[in-house]
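# Architecture at a glance
Take a look at the letters that make up each chain.
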Amino acid sequence: MRIRTLTDTVGAEIEGVRLDRLDDASFDGIRAALDRHGGVLFRDQSLEPADLVAFSRRFGELDHAPVMENGRTAVEGLPEIYIVSNVLDAQGRPIGSLGAGEAVWHTDMSYLENPPDFSMLYALEVPASGGDTWLSSMAAAHDDLPGELREQIADLSIKHDGTFNSGGYLRQGVREDTNPATSVGQPHPVICAHPRTGRPVLYLGRRRNAYVMGLELEASETLLDRLWEHATRPELAYAHRWRPGDLLLWDNRATMHRRDPFDPAARRVMRRTQIRGHGAPRPVVET
Ligand code: SIN
């Protein structure tokens, strides 16, 4: 197993492993690389849906995939698999979610009390250009916060909106509400301690409809704009250009991700799993 760092702040490529036949020592190496780099990439994998689920389960219990925008689940008999795709079936219905547009920067499902610990995407079909997935280190974003900004947010929480997904679609069963102060969501501390490494991370979730608890809406918007501008600088990020057979796995507590738009006439089909959260994001406790 060889580990090659992808950027100074986030991501590593792991070479020399097959995820459908992984021994325990290699798995431990992957775990350690994930703690260190926030996200790991494997190329040239050949994974049936059951292989993807089996590999994912080594990290913990899996979430059942949310019902897709088309109201269906993705793979018959494997409720853990979600399809991210713009492709339409023979009846003209989307086979997956998120279409071909941009998916804005976000942490997966942070509108829940216990968001997933990890997410992984496995590429089956990819467009010739566009559709790159970006990962950004929220530990690095925390570490280079200006001191006065870090002090300002030290005891604050953000309400993570549960109304819209990262493609801008209204979630199933949720009433549309564009007022950040009243929309449904879950508050979490702005700075959290990573539960495995103890590193402080900036925990922002999604920009749309976010709200800093206890502030006037205007003050909340101003503070959030400043934090988002800081956290989404390209120098904190790795942009992944997909090939079929790639698997990208990220720690949802340590990173945010986004996706570039791509030609809607091109095909992009990814399978996704998520590892259930072990607990709510916790604040850093000063000793
Ligand atoms: C996601 O935001 O979970 C999907 C990212 C992608 O399609 O690359």
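The text that follows walks through the structure, step by step, so that each part is easy to find.

### Thoughts on the overall build of the chain
- Regarding its fold elements, the chain presents five helices and 17 strands.
- Taking 19 Å as the expected radius of gyration for a compact globule of 287 residues, we find that the chain reaches 18 Å, a close match to that expectation.
- For the chain, the C-alpha atoms occupy an extent of roughly 50 × 45 × 35 Å along the three principal directions.
- The burial tally for the chain puts 54% of its 287 residues in the buried class.
- Residue pairs in contact within the chain that sit at least 24 positions apart in sequence constitute 78% of those at least 6 positions apart.
- For the chain, the accessible surface area stands at approximately 12900 Å², while carbon and sulfur atoms represent 49% of it.
- In the chain, which carries 33 positive and 42 negative side-chain charges, the distance between the mean positions of the two groups comes to 4 Å.

### Digging into the sheet that holds strand 1 (residues 2-5)
- Within the open sheet, the eight strands sit side by side as 1-2-3-15-7-17-4-5. Their pairing is mixed. A single partner strand is all that each edge strand has here, and the edge strands are strand 1 and strand 5 (97-98).
- Both strand 7 (residues 118-125) and strand 15 (residues 247-251) contribute to a ladder of five bridges, which runs antiparallel. When the sheet's bridge partners are listed, Met120 is paired in strand 15 with Leu249.

The rules behind the values
- Residues numbered from 1 in each chain as written.
- Predicted model: local features only at pLDDT ≥ 70, side-chain atom pairs only at ≥ 80, totals over all residues.
- Heavy atoms only, no water.
- Helix = DSSP H or I, 4+ residues; strand = E, 2+ residues; numbered from the N terminus.
- Rg over C-alpha atoms; globule rule 2.2 N^0.38 Å.
- Buried < 20%, exposed > 50% of the residue type's maximum accessible area, 1.4 Å probe, protein only.
- Contact = heavy atoms within 4.5 Å.
- Areas by Shrake-Rupley, 256 points an atom, 1.4 Å probe, with all protein chains shown as cover.
- Lys, Arg positive; Asp, Glu negative; His and termini not counted.
- Charge placed at Lys NZ, Arg CZ, Asp CG, Glu CD.
- Pairing = 2+ DSSP bridges.

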